[in-house]
Amino acid sequence: MTGSPLPPALRLSGVTFAYGPNGKTILDIDALSVESGERLFLKGASGSGKSTLLGLIAGILTAQTGEIEVLGENLPALNAARRDAFRAARLGVIFQMFNLLPYLPVGANVTLPCRFSARRAKAADAAGGADSEARRLLSRLGLDPAEIWSKRSTELSVGQQQRVAAARALIGRPGLILADEPTSALDFDTRNAFISLLSEECEAANAALIFVSHDGSLADHFDRALDLSEINRAMERA
Ligand code: ADP
Ligand code: MG
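Residues numbered from 1 in each chain as written. Chains lettered and ligands numbered in written order. Predicted model: local features only at pLDDT ≥ 70, side-chain atom pairs only at ≥ 80, totals over all residues. Heavy atoms only, no water.

## Remarks on the side chain of glutamate 38
Among the secondary structure elements, glutamate 38 is positioned in the loop between β2 (25-34) and β3 (39-43). When sequence neighbours within four positions are dropped, the list of residues in contact with glutamate 38 reads Ser33, Ala208, Leu209, Asp223 and Arg224. (Helix = DSSP H or I, 4+ residues; strand = E, 2+ residues; numbered from the N terminus. Contact = heavy atoms within 4.5 Å.)

## Thoughts on the sheet that holds β2
Within a sheet, adjacent strands bond to each other through the backbone by hydrogen bonds, running parallel or antiparallel. Sheet architecture is open: four strands sit in the order β2-β1-β4-β5, paired in antiparallel fashion. Of all strands in the sheet, those with a lone pairing partner are β2 and β5 (73-74), marking the two edges. Judged from the eight bridges that link them, strand β1 (residues 10-18) and β2 form a sheet pairing that is antiparallel. Bridging from a neighbouring strand, arginine 11 pairs with serine 33 of β2. (Pairing = 2+ DSSP bridges.)

## A short note on the site of ligand 1
Close to ligand 1 lie Tyr19, Ile26, Ala45, Ser46, Gly47, Ser48, Gly49, Lys50, Ser51 and Thr52. Tyrosine 19 places a side-chain nitrogen or oxygen 3.4 Å from a nitrogen atom of ligand 1. One nitrogen or oxygen atom from the main chain of glycine 47 is found 2.7 Å from an oxygen atom belonging to ligand 1. Expressed as a share of its isolated accessible area of 560 Å², the protein-covered part of ligand 1 is 56%. Here the shell around ligand 1 takes three residues from helix α1 (residues 50-57), the largest share from any one element. Each residue belonging to the shell around ligand 1 can be placed in one class, and the counts come to three nonpolar, six polar and one charged. (Near = heavy atom within 4 Å. Polar contact = N/O pair within 3.5 Å; in protein donor to acceptor, adjacent residues only side chain to side chain. Areas by Shrake-Rupley, 256 points an atom, 1.4 Å probe, with all protein chains shown as cover. Nonpolar A, V, L, I, M, F, W, Y, C, P; charged D, E, K, R; others polar.)

Geometric values such as these leave the question of function open.
Structure below.
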């Protein structure tokens, strides 16, 4: 180990984004930073651009202007194939729904990132192997790995599916987890338990977390909370 600090999870500046050349500007953000290991809650009304912003940070969408540095990597400088590889290796992504591959059993869903990325396979190997790490994460997230390992995701409740999706995002120690309203389908108690566990596991893995939701009551679970309307100048004009 060298003493050099880890690069920030996110440094974003001067970013503007529209869907298509004649589309209206959805995002116009002067600056947004997330430190290494920091857990940020980003609140925003429906349609305010939360998913779009996560798409830019994940390198699924590309901004018209601006700098987006993720875990020290300058995303706009990478071509699409390298952005895909970077996402698979360095990010864990949890979506609102459609998280899991329905035709794969739970175990294969959770270990999938290790098949797409040698870096994550290596990190999981260092922790005892992909299967054993998957089982550890599933039980940390409150599931019984023995019971669900061979089940298809269609046999699980929504709450169980979200925990499986979180285990898949966390496996192989990615530096940044992006969570897009992953709790909107969960009831109050399940939601709070899920966020606490996700947050604890991010802390244990030293992963930064950017969690977006329209539900401001979740903010207390995080190191810092921000309203997208405070930083998105496109909304003032809308
Ligand atoms: P949120 O996740 O906060 O609900 P989104 O980022 O999904 O907001 O959407 C922000 C705005 O961008 C909305 O006005 C939405 O209609 C528009 N939008 C989202 N996806 C697309 C798309 N693929 N093409 C065109 N407009 C889109
Ligand atoms: Mg959304």
